[in-house]
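Topology and contacts: notes
As a plain string of letters, each chain reads:
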Amino acid sequence: MKICVLPGDGIGPEIIAEAVRVLQALDLKMEMEEALLGGCAVDATGDPYPVATQKLALAADAILLGAVGGPKWDSNPREQRPERGLLGIRKQLGLFANLRPAILYPELANASSLKPEVVAGLDILIVRELTGDIYFGQPRGIEMRNGERFGFNTMHYTESEIRRILRVAFDAARKRNRKVCSVDKMNVLECTQLWRDVATETGREYPDVELSHMLVDNAAMQLVKNPRQFDVMVTGNMFGDILSDEASMLTGSIGMLPSASLDANNKGLYEPSHGSAPDIAGKGVANPLATILSVAMMLRYTFANEVAARRVEDAVKKVLAQGLRTGDIYEAGMKKVGTREMGDAVLAAM
Ligand code: IPM
Ligand code: MG
């Protein structure tokens, strides 16, 4: 197992340190090597995804990422922004399938802003296409036209891009509750009419899975109205970006949610769904659990080691049951701990 570790910016290094300790404790045969991605890479090399990092990432079986970005780099030219590094690695490695589970841990039911009876038992998997859509479409830019500034981007999908992400969603649904909801905006956008058509066609290959379609605005509403109607949601890059943040908050804290970004051969990049949280960086208070749970996803998807994945996930459940909470999920009567203590507790529970 070759793992490329990219701590990144903000709280990235702190949460990655705990996830690495968990990986080491599993006592599996593996090699880990660290590299720079994001703002730290811009500072060191001028490039958010430097060649040295590209080499390691290309050679690795899996990549473990903390988070990238921060206000320090927000006014840099676009090529020197941390986000460009993240988009670059996703595209270069062909990581088209982004899996973002939103699971409510019963112990954290009160952390959700929705009523406990609406979110109890919530278990949604968002499958987001990650290397296409308006994120990467050309032409794009800001230029002068007719004496004023004109901004433009291009949304596009080929049918093969749509089909391969739909298959990921259907395959995932077969291991869950056999329901796929495909999200589009076919009433306005041709590109997503194609999405709906290809989703319907692909659905015929999976007669055992129930396929429904939903417009993205309605999907945003249904997620807060009745989120338990969903099993697997599949959508394009931009809608998936937005809906996955929304879904994550149903569970109370984005600090709990891992993610996987996979290529066609299950090589993957694993990262927490949250960002670099510059406001709490360096204070030792960030929640490392999403990153630790990302390690579990790595073990499951890239290394096909379900036993080790469960061991990590069970340890996380145990520390929650013990009442340990970082600030983001804290409530009265629980024991407030920092990043390191939370990592210690997970290791002890393992
Ligand atoms: C995400 C993030 C990224 C995205 C940003 C940081 C480029 O919001 O992973 O959801 O938009 O994909
Ligand atoms: Mg996002």
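Residues numbered from 1 in each chain as written. Chains lettered and ligands numbered in written order. Predicted model: local features only at pLDDT ≥ 70, side-chain atom pairs only at ≥ 80, totals over all residues. Heavy atoms only, no water.

A short note on the site of ligand 1
- Lining the immediate surroundings of ligand 1 are Glu83, Arg90, Arg100, Arg128, Tyr135 and Asp241.
- For ligand 1, an oxygen atom lies 2.8 Å from a polar atom in the side chain of Arg100.
- The side chain of Asp241 places a nitrogen or oxygen atom 2.9 Å from an oxygen atom of ligand 1.
- Contact with the protein chains removes 75% of the 320 Å² of surface that ligand 1 exposes when unbound. (Near = heavy atom within 4 Å. Polar contact = N/O pair within 3.5 Å; in protein donor to acceptor, adjacent residues only side chain to side chain. Areas by Shrake-Rupley, 256 points an atom, 1.4 Å probe, with all protein chains shown as cover.)

Observations concerning the state of the cysteines
- What the rule picks out here adds up to zero disulfides.
- You can see Cys4 has no disulfide; the closest cysteine sulfur is in Cys40, sitting 12 Å from it.
- Overall, Cys4 belongs to the buried group, its relative accessible area being 2%. (Disulfide = S-S within 2.5 Å. Buried < 20%, exposed > 50% of the residue type's maximum accessible area, 1.4 Å probe, protein only.)

A few points about the packing of aromatic side chains
- If you walk through the whole model with that rule in mind, you get three aromatic pairs.
- Pairing Phe170 with Tyr206 gives two aromatic rings, centres 4.6 Å apart and planes at 10°, and the pair type is stacked. Pair noted here: Phe170 is in helix 6 (residues 159-174) and Tyr206 is in the loop between helix 7 (190-203) and strand 9 (210-215), with a separation of 36 residues, a long-range link.
- Phe170 sits in the buried class, given a relative accessible area of 0%.
- According to the relative accessible area criterion, Tyr206 is buried, its value standing at 6%. (Phe/Tyr/Trp six-rings, centres within 6.5 Å; stacked < 30°, edge-to-face > 60°. Helix = DSSP H or I, 4+ residues; strand = E, 2+ residues; numbered from the N terminus.)

A look at the domain arrangement of the chain
- For the chain, the assigned domains are domain 1 (1-96 + 263-350) and domain 2 (104-255).
- The interface is formed by 19 residues belonging to domain 1 together with 16 residues belonging to domain 2.
- Between domain 1 and domain 2 lies a buried interface of about 1,700 Å² when both sides are counted; carbon and sulfur atoms form 65% of it.
- Together, Arg90, Lys91 and Phe96 form the three largest contributors to the area buried by domain 1 at its contact with domain 2, with a combined 36%.
- Our count for the domain 1 to domain 2 interface comes out at zero salt bridges.
- Linking domain 1 to domain 2 there are five residue pairs in polar contact (both at pLDDT 80 or more).
- For the side of domain 1 that touches domain 2, the secondary structure elements donating two or more residues are helix 4 (82-92), helix 10 (289-301) and helix 11 (306-321). (Domains from an automatic or database assignment. Contact = heavy atoms within 4.5 Å. Buried area = accessible area lost by both parts, 1.4 Å probe. Salt bridge = Lys/Arg side-chain N within 4 Å of Asp/Glu carboxyl O.)

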